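Residue-level structural notes
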Amino acid sequence: MRGRRFGRWATCLLAIAALGAAPACGVEPGPAPGAATAGDAPTPTRPAADEQARRAALEAYAGYLAASRAASGRGDPHHPELSRFLADPLLTRVRLTIREAKEHGAMRTGTLVSDPTVTSVSLDSSPPTVEIQDCLDATGYRLVYARDKRVVPGTGGTRHLATATATRFPDGRWLISAGVSHEDLPC
């Protein structure tokens, strides 16, 4: 029974570490990528401001993935780079995931390949946000037991769609505040 419980935990951990959380782990899925909702009518924006927001959001996203990989590889939920690129509620979820892996004697190793694109820029919203869509390749990113580097059963990575939200905070920083792995949507 304990092994099965660890296997389910490890599967959720893979999804959370890859991008915050997955619907299978009890997190409500967001709208499908590209789905329009009421009030999504485009408003004219300044192209230069949009481009600056896009660049800043993608830099924050790349920083988030790098910081998350580094913290997961060291089993350090308080790695200083995490708070440099993440904001709550995602920051807390990532820290808890790393702590749980460490408590179970596991850590991340390998490579996570990312190919993000910006799907929308909302500078008129409060706070301003940028939506990011990514094809994450986690096939080489493994959850292993720290003591002997054996792969944790049931934690094989996939290529799947992931979405994230970058939010501009009052101090001008763009931080990744939300993320969902859509493991049921291969890319």
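Here's a quick rundown of the structure. Every residue gets a number counted from 1 within its own chain, in the order that chain's sequence is written. Predicted model: local features are reported for residues with pLDDT of at least 70 only, side-chain atom pairs are reported and counted for 80 or more only, and whole-chain, interface and lining totals are derived from all residues. Remark: hydrogens and water are excluded; side-chain values derive from all non-hydrogen atoms of the structure.

So, the pairing of strand β5 (residues 159–168)
Classification of residues uses two cut-offs on accessible area relative to the type maximum, computed with a 1.4 Å probe and protein chains only: under 20% is buried, over 50% is exposed, and between them is partly exposed. The helix count covers DSSP runs of H or I at least four residues long, the strand count covers runs of E at least two residues long, and both are numbered beginning at the N terminus. Of all ten residues that make up β5, seven are buried, and the element is covered over most of its length. Pairing between two strands is assigned when DSSP locates at least 2 bridges connecting them. Two elements, strand β3 (residues 129–137) and β5, share nine bridges in a ladder whose sense is antiparallel. The residue of β5 that forms the bridge with Ile-132 is Ala-164. The sheet contact formed by β5 and strand β6 (residues 174–186) spans nine bridges and is antiparallel. Note that in β6 the partner of Arg-168 across the bridge is Trp-174.

Brief notes about the sheet that holds β5
Overall, antiparallel pairing links the four strands, which are arranged β2-β3-β5-β6 in an open sheet. The open sheet is flanked by β2 (117–122) and β6, the only strands paired with a single partner. Ignoring which end each strand starts from, the neighbouring axes of this sheet average 20° apart. When β2 meets β3, the two strands line up antiparallel, connected through five bridges. The axes used here are C-alpha line fits, helices contributing only the stretch in contact, and every angle between their N-to-C directions lies in the interval 0 to 180 degrees.

Examining the nonpolar core
Here, nonpolar core refers to any group of buried Ala, Val, Leu, Ile, Met, Phe, Trp, Tyr and Cys residues whose side-chain atoms link them within 4.5 Å. Among the nonpolar cores identified, the biggest contains 30 residues, and Tyr-61, Tyr-64, Leu-82, Val-130 and Ile-176 are the most heavily contacted of them. Elements with a contribution of two residues or more to this core: α2 (47–74), α3 (80–85), α4 (90–103), β2, β3, β5 and β6. By residue number, the principal contributor to this core is α2, which donates nine residues. One finds Ala-101, Ala-106, Leu-143 and Val-152 within the second-largest nonpolar core, a separate group that totals five residues.

What about the state of the cysteines?
Any two cysteine sulfur atoms lying within 2.5 Å of each other are counted as a disulfide. Evaluation of the coordinates by the stated rule reveals one disulfide. Residue Cys-135 pairs covalently with Cys-187 via a disulfide, S to S 1.9 Å. Judged by the sign of its S-S torsion, about 90°, the cystine formed by Cys-135 and Cys-187 is right-handed. Of this pair, Cys-135 sits in strand β3 while Cys-187 sits in the segment after β6, and the two are 52 residues apart along the sequence. The class of Cys-135 is buried, set by a relative accessible area of 14%. Assessed through its relative accessible area of 38%, Cys-187 is described here as partly exposed.

Some points on α2
Residues three or four positions apart in an α-helix share a direction because the helix packs 3.6 residues into each turn. If you check α2, its first and last C-alpha atoms are 41 Å apart, about what 28 residues at 1.5 Å a residue would give, namely 40 Å. Remark: Gly-75 follows α2 within two positions and exhibits a positive phi of approximately 65°. To estimate how far a helix should extend, the number of its residues minus one is multiplied by 1.5 Å.

Details of the pattern of salt bridges
Only one rule defines a salt bridge in this text: a Lys or Arg side-chain nitrogen within 4 Å of an Asp or Glu carboxyl oxygen. Taken as a whole and assessed by the stated rule, the structure comprises six salt bridges. The partner of Arg-99 in a salt bridge is Glu-103, and the shortest N-O contact between them spans 3.3 Å. Note that Arg-99 and Glu-103 are positioned in helix α4 at a spacing of four residues, about one turn of the helix. Residue Glu-103 is classed as exposed on the basis of its relative accessible area of 56%.

Looking at the packing of aromatic side chains
Any two aromatic rings considered together are summarised by their centre-to-centre distance and by the angle between their planes. Stacked, tilted and edge-to-face pairs are distinguished by plane angle, under 30 degrees for stacked and over 60 for edge-to-face with tilted covering the rest, among Phe, Tyr and Trp rings (Trp via its six-membered ring) whose centres lie within 6.5 Å. Throughout the structure, instances matching the rule amount to one aromatic pair. Relative to Tyr-64, the ring of Tyr-61 lies with its centre 6.0 Å away and its plane at 65°, an arrangement referred to as edge-to-face. Linking Tyr-61 with Tyr-64, this pair stays in helix α2, spanning three residues, or about one helical turn. We classify Tyr-64 as buried; its relative accessible area is 0%. A positively charged side chain is recorded as over a ring if its NZ (Lys) or CZ (Arg) lies within 6 Å of the ring centre. The angle to the ring normal must also be within 35 degrees. If you follow Arg-147 out to its NZ or CZ, it ends over the ring of Tyr-145, 5.9 Å from the centre.

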